[in-house]
Amino acid sequence: MTQYILSLDQGTTSSRAMLFNHDGEMVDVAQQEFEQYFRKPGWVEHDANEIWTSTQHCMTEVLRKADVDASQIAGIGITNQRETTVVWDRQTGKPIHKAIVWQSRQTEDICTDLRERGLEETFRTKTGLLLDPYFSGTKVKWILDHVDGARERAANGELMFGTIDTWLIYKLTGGDVHVTDYSNASRTLMFNIHDLEWDDELLSHLDVPKNMLPTVTNSSEIYGHTVSYQFQGETVPIAGACGDQQAALFGQACFDKGMAKNTYGTGCFMLMNTGDEAVSSNNGLLTTLAWGIDGRVDYALEGSIFVAGSAIQWLRDGLRLIDSAPKSEDYAQRVESTDGVYVVPAFVGLGTPYWDSQARGAMFGLTRGSEKEHVVRATLESLAYQTKDVVNAMIDDAGLQLKTLRVDGGAVKNNFLMQFQSDMLNVAVERPVVNETTALGAAYLAGLAVGFWDSQNDIANQWNVDETFEPNMEDDVRDEKYDGWKRAVKATQAFTS
Ligand SMILES: Nc1ncnc2c1ncn2[C@@H]1O[C@H](COP(=O)(O)OP(=O)(O)O)[C@@H](O)[C@H]1O
Ligand SMILES: O=P(O)(O)OC[C@H](O)CO
């Protein structure tokens, strides 16, 4: 009987379940979007129960679509939107508040307070991160501070914290297992990435009791089994967990030091494997754990762009300029250039290398001749410019001369964007055959733990390119366009500073 790995990719805007066969090919997929809650400007929240029910739905649906039985699943791998924070009651398993999403800015005051107490360097050195609302630690503190009685309940050991990997493993195992993996732990602002332990000093600054925290484990290991009532009566091993950006690095087979990938989803995240070395950045890159396998961890440098594909969703749902994301490519190609229009999609601030959480979106260079095609094209181009900002930071920090960039995520189907990206970076952009590298990475991690695949070498051999985009832009044109972008960002920041 053919066996598969089931990968659960719990993203910011939708949950997905995918089946992978032994050749690393995606056999089928089921997807469900869920609600985004924007209660206040800059806040983004999810309902953790909707995250769970949409995941459950996708698990059932993908098996039905592919006509595969749960008994054919050799293992389950989980990959997730990172940093998003859930706090729930240990007894009832019920969340005590909405999940605070990675994009949400509601903990800005907590970050400012920690910064004013002179703690930025302590957090940066120990966690590789910055004091920005992006990360989980201040989100946990916010929930404990704002939900009636939560602090007392936490002190009594009645509450549990988890990122989405933890929450899904907890639900899949019927509340039996409370774990996270190294990659997710490294995004919490509470985990020491050098000692590989929750850090007591940081926990005390954040006022978060250690008893709420999950046990930190490898990214590839059997954590537990599905309870039979959740999965067609089958107890299937849950054998892999990894934050989605690190999972994509794994799925792109970037196993060697210096290999990098960029994922174009809701946000855009570029990660470079730095092997066993935790490289610290002078340019606003994050130092993070890539994964842990057999107790050995790999590190990565990361550039985080908060708004990428979600800017295309904004064109669709906010401005209603397009009726679907793929249409953005047609519109962009109807004009020769943006005619000097720049869109800076700083809707929730700016990440690498600016780290400006006050900044908000802006548009520049409009004339009476500006048409929707120019705005759509400028929005797509903003993804490439933001990526160039990150690549420049990496070149400076790691002495990296990028030869090619491996790409993945929903927006890489856009050929205009890929070509413009290659032109802007002046390097080849490689889009792999399996674009779902995030889910594939989680499948690989689970498959390695249950012996479905033998080694990382096997996996590296499965990587295949679908299309390579070669640079085709004069240097002076590139420089002029990028210079315009830098001026647009500067003006955006000046507006809110
Ligand atoms: N053809 C396209 N051109 C540009 N953007 C696209 C295209 N197709 C999808 N997107 C964008 O990609 C994002 C979805 O990518 P995905 O990797 O599924 O994201 P996530 O995992 O963050 O939910 C959406 O924000 C969508 O607007
Ligand atoms: O949901 P995605 O794919 O945009 O990923 C979100 C990131 O993990 C946030 O750090």
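Per an unreviewed UniProt entry, the recorded name for the protein chain is Glycerol kinase, and the organism is Alkalibacillus flavidus. Regarding the protein chain, the UniProt comment filed under Subunit (unreviewed entry) reads as follows: "Homotetramer and homodimer (in equilibrium)."

A.B. asks: In this structure, what is going on with the overall build of the protein chain? I would like to understand it.
C.D. replies: Looking only at helices and strands, the protein chain features 16 helices and 23 strands. The C-alpha radius of gyration of the protein chain comes to 22 Å, within 12% of the 23 Å expected for a compact globule of 497 residues. If one aligns the C-alpha atoms of the protein chain with their principal axes, the spans along those axes are about 60 × 55 × 40 Å. Put simply, the protein chain has 497 residues, and 63% of those count as buried. Of the contacts formed within the protein chain by residues at least 6 apart in sequence, a portion of 72% connects residues at least 24 apart. The averaged location of the 71 negative side-chain charges in the protein chain is 5 Å from the averaged location of its 42 positive side-chain charges.

A.B. asks: Just to check I follow, could you spell out the side chain of K171 for this structure?
C.D. replies: Within the secondary structure, K171 is located in helix α6 (residues 164-172). No salt bridge is formed by the buried K171, whose closest oppositely charged neighbour, D47, lies at an N-O distance of 9.6 Å.

A.B. asks: Mind showing me how you'd approach the UniProt feature "binding site: ATP" (unreviewed entry) in the protein chain here?
C.D. replies: Within the UniProt annotation, "binding site: ATP" (unreviewed entry) is assigned to T12, T13, S14, T266, G309, Q313 and G410. A maximum C-alpha distance of 13.1 Å is found for the annotated residues, which run over 399 residues; spatially they form one tight group. For T266, a relative accessible area of 15% gives the class buried. Apart from residues lying up to four places away in sequence, T266 is in contact with T12, T13, W102, Q103, F306, V307, A308, G309 and S310. Tracing the backbone shows G309 in helix α10 (residues 309-318). Classification of G309 by relative accessible area gives buried; the value is 15%. Those residues in contact with G309 that sit more than four places away from it in its chain are G265, T266 and L383.

A.B. asks: I'm lost on the site of ligand 2 in this one. Help?
C.D. replies: In the vicinity of ligand 2, the residues found are G11, T12, Q81, R82, E83, W102, Y134, D244, Q245, T266, G267 and F269. Backbone polar atom of R82 to an oxygen atom of ligand 2: 3.0 Å apart, as the coordinates give it. Separating an oxygen atom of ligand 2 from a side-chain N or O atom of E83 is a distance of 2.6 Å. Isolated, ligand 2 exposes 310 Å² of accessible area, and the fraction of that covered by the protein chains is 93%. By residue class, the composition of the shell around ligand 2 is three nonpolar, six polar and three charged.

A.B. asks: Please explain the site of ligand 1 as it appears in this structure.
C.D. replies: The environment of ligand 1 is formed by 16 residues, the closest being T13, T266, G309, G410 and N414. T13 places a side-chain nitrogen or oxygen 2.9 Å from an oxygen atom of ligand 1. With respect to ligand 1, the backbone of G309 contributes an N or O atom lying 2.9 Å from an oxygen atom. About the coverage of ligand 1: the protein hides 86% of its 580 Å² of free accessible area.

A.B. asks: How should I be thinking about the sheet that holds strand β22 (residues 428-432) in this particular structure?
C.D. replies: The strands that make up a sheet are held in pairs by hydrogen bonds between backbone atoms, and each pair lies either parallel or antiparallel. Strand order across the open sheet formed by seven strands is β17-β18-β16-β15-β21-β22-β23, with mixed pairing between neighbours. The open sheet has two edge strands, β17 (286-293) and β23 (465-469), and neither has a second partner. Averaged over all pairs of adjacent strands, the angle between their axes in this sheet comes to 30°, without regard to strand direction. Relative to strand β18 (residues 296-305), strand β16 (residues 268-275) runs antiparallel, the two being bridged by seven bridges. Note on β18: the bridge partner recorded for M272 is L301. Strand contacts of helix α12 (residues 372-398): β15 (260-264), β16, β18 and β21 (404-408), with the helix running at about 135° to β18, the strand carrying the most contacts.

A.B. asks: Would you take a moment to explain a nonpolar patch on the surface for this structure?
C.D. replies: A surface patch of nonpolar side chains, about 240 Å² in accessible area, is lined by L319, M363 and L366. As for its placement among the helices and strands, M363 is situated in strand β20 (residues 362-364). Overall, M363 belongs to the partly exposed group, its relative accessible area being 30%.

A.B. asks: How should the sheet that holds strand β3 (residues 26-33) be read in this particular structure?
C.D. replies: Spatial ordering of the open sheet is given by β3-β2-β1-β5-β14-β13, a layout of six strands whose pairing is mixed. Sheet topology places β3 and β13 (220-225) at the edges, where each strand pairs with a single neighbour. The mean inter-strand angle of the sheet, taken between neighbouring strand axes irrespective of direction, is 25°. Pairing geometry for strand β1 (residues 4-10) and strand β5 (residues 73-80), over seven bridges, is parallel. Of the residues in β5, the one forming a bridge with D9 is T79.

A.B. asks: Help me understand the pairing of β3, please; the structure alone is not making it clear to me.
C.D. replies: Moving residue by residue along a regular strand, the side chains alternate between the two faces of the sheet. Strand direction decides the pairing type here: strand β2 (residues 14-20) and β3, joined by seven bridges, are antiparallel. The partner of L19 across the bridge, within β3, is D28. Connecting β2 to the next strand, β3, in antiparallel fashion are five residues, including G24 with a positive phi near 75°.

Conventions used here
- Residues numbered from 1 in each chain as written.
- Chains lettered and ligands numbered in written order.
- Predicted model: local features only at pLDDT ≥ 70, side-chain atom pairs only at ≥ 80, totals over all residues.
- Heavy atoms only, no water.
- UniProt positions renumbered as here; feature names shortened; annotations may be inferred.
- Helix = DSSP H or I, 4+ residues; strand = E, 2+ residues; numbered from the N terminus.
- Rg over C-alpha atoms; globule rule 2.2 N^0.38 Å.
- Buried < 20%, exposed > 50% of the residue type's maximum accessible area, 1.4 Å probe, protein only.
- Contact = heavy atoms within 4.5 Å.
- Lys, Arg positive; Asp, Glu negative; His and termini not counted.
- Charge placed at Lys NZ, Arg CZ, Asp CG, Glu CD.
- Salt bridge = Lys/Arg side-chain N within 4 Å of Asp/Glu carboxyl O.
- Near = heavy atom within 4 Å.
- Polar contact = N/O pair within 3.5 Å; in protein donor to acceptor, adjacent residues only side chain to side chain.
- Areas by Shrake-Rupley, 256 points an atom, 1.4 Å probe, with all protein chains shown as cover.
- Nonpolar A, V, L, I, M, F, W, Y, C, P; charged D, E, K, R; others polar.
- Pairing = 2+ DSSP bridges.
- Axes fitted to C-alpha atoms, helices over the stretch in contact; angles between N-to-C directions.
- Patch = residues over 30% accessible without salt bridge, like charges linked within 9 Å, V, L, I, M, F, W, Y side chains within 5 Å.

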